[in-house]
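For reference, the chains in residue letters:
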Amino acid sequence: MHVFLRLGAAAAALAALAAQRLRKPPPEIQYDVIVVGGGVMGVWSAIAAARQNKTVCLVEKYTEGHARGSSHGDGRIYRFAYADEIYVDMMYLSLSYWGELNNATTKVLAHTGGVSLYSGQGGNYDSHGGLDDLIKIYKKRGLAHEKLSRKKLKERFPQFSAPRNTTALYQPDFGVLFADVAMARAYDLARKLKVDVREGSDVVGVRRMNDRVVVRLKKEEIVGRSCIVAPGAWLTSIAKKWFGLHVPTIVTRETVSYFKPKGSKAVYGYKRMPVFISDLHNGLGELGYYGIPVVETPGVKVAAHHVGAVLDDKALRTHNGTGDPAIIEANERFVASFFPGLEATPFHSESCLYTTTPDYHYVLDAVPGAGAPVILAGGGSGHAFKMGPAIGDAAAALALGLKPPFSLETFRLDRPALRA
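Residues numbered from 1 in each chain as written. Predicted model: local features only at pLDDT ≥ 70, side-chain atom pairs only at ≥ 80, totals over all residues. Heavy atoms only, no water.

1. Concerning the nonpolar core
Line of reasoning, step 1. Counting residues in each nonpolar core, the largest one holds 80 residues, and the members touching the most others are V43, W44, M90, W98, Y138, I391 and F411.
Line of reasoning, step 2. Setting aside residues up to four positions removed in sequence, V43 forms contacts with G37, L58, M183, A186, Y187 and A190. (Core = buried A, V, L, I, M, F, W, Y, C linked by side-chain atoms within 4.5 Å. Buried < 20%, exposed > 50% of the residue type's maximum accessible area, 1.4 Å probe, protein only. Contact = heavy atoms within 4.5 Å.)

2. Brief notes about the sheet that holds strand β3 (residues 76-78)
Hydrogen bonding along the main chain pairs the strands of a sheet, whether they run parallel or antiparallel.
Line of reasoning, step 1. Judged by pairing direction, the sheet is antiparallel, and its 3 strands sit side by side in the order β3-β8-β4 without closing on themselves. Strand pairing shows two members of the sheet lacking a second neighbour, β3 and β4 (109-111), which therefore form its edges. Strand-to-strand, the axes of this sheet are offset by a mean angle of 25°, without reference to chain direction.
Line of reasoning, step 2. Examined bridge by bridge, β4 and strand β8 (residues 175-177) share 3 bridges and lie antiparallel to one another. Along β8, the bridge assignment pairs H111 with G175.
Line of reasoning, step 3. Set on the sheet, helix α3 (residues 85-101) makes contact with β3, β4 and β8; between it and β4 the angle comes to about 120°. (Pairing = 2+ DSSP bridges. Helix = DSSP H or I, 4+ residues; strand = E, 2+ residues; numbered from the N terminus. Axes fitted to C-alpha atoms, helices over the stretch in contact; angles between N-to-C directions.)

3. Structural notes on the confidence of the model for the protein chain
Line of reasoning, step 1. Mean pLDDT for the protein chain: 88, with 89% of residues reaching 70 or above.
Line of reasoning, step 2. Segment residues 123-127: pLDDT under 50, and 26 contacts once partners within four positions in sequence are set aside and those in other chains are kept. (pLDDT = per-residue confidence, 0-100.)

4. Focus on the pairing of strand β11 (residues 212-217)
Line of reasoning, step 1. With 5 of 6 residues buried, β11 lies mostly within the body of the structure.
Line of reasoning, step 2. Across 6 bridges, the pairing between strand β10 (residues 203-209) and β11 is antiparallel. Considered in β11, the bridge of M209 is made with R212.
Line of reasoning, step 3. Connecting the antiparallel pair β10 and β11 is a turn made up of 2 residues, with N210 showing a positive phi of about 55°.

5. Comments concerning the environment of V33
Line of reasoning, step 1. The topology assignment puts V33 in strand β1 (residues 31-36).
Line of reasoning, step 2. For V33, a relative accessible area of 0% puts it in the buried group.
Line of reasoning, step 3. Among all residues touching V33, those that are not within four sequence positions of it are A49, T55, V56, C57, S226, I228 and L400.

Right under this line is the structure:
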């Protein structure tokens, strides 16, 4: 009898505790928007929300400008070489924002012009299209362009010595973003707009509670009216763990190499040499090469595109900046074909991470379900850095219930490429 009385008392106590928890008031809202992830997408999402006069917290696991993800480096191409017009729109919008960060003492971007090199040797550059596709887009959008034969390419830009059967399409609006400087200036702007930047803060969970979102750190919780999650290489695992979503991506460790000029470095500098992309088959994959003239690192940057080793979660945690010997060899083959004025062997190579969806398009959509808005942004490595401001604008608009600045149909979570 006493045993049953004790069990009954325990059950009653548990019921009382549960009732008390139900009556407990929800946690107090501290911010309008919490942004998880401080790469290029995250910092520009924070900027966009703050520009709407909202209180914003930006939470970054590591430190501003760290080299463990995809938002670092001395130079990144910006270009209009896209067969998908949505990216041309995003590029225009992003350049207007990047340009605002330029000032008399600090340069964030430089117009170099760019050449798209067609060899007819079987390669294909993602979202880039063929020669006729680009000419069609350029004519439709009123973008200046000029078709150059191999001989005319050499006359215009003596740095190049292209193989036979190469045709170049020159577009003067291409250029270089100085990635490390650009990120530093973006963070400066975020702080100027009163964004609460929390570096070295590891988020372990995000959950919705009706009209608010609770972001759980290791030692505390912060609460917002909405949340933008821009986790970079951790997109797939975080979407599954926090939201029960299957968002297929692969994370690869790509390698870029820097080749020193044999003669004058100035000839290969960004003031005299254009950026370039090429469909030349790299021997490791189907997506060609890209390259950038000398910026800060004293060499021309060359990289076979989307050919790196796939990393699982364990390898991702131990990722370092070393280059892949097989990709370095591929980069050397490209230099041997196009740039006899560069040293045959790179003086430096390093790796970075690409996070890629099956169709190479971004993820930019709200997590399904009732309650406060939670937005996922990611999955565009290889061409997302330059469009970071546009992505941030759209993510903030979704979080705040505003109209996005461009159509997001291409980037939906329920599109066929992600459901398959």
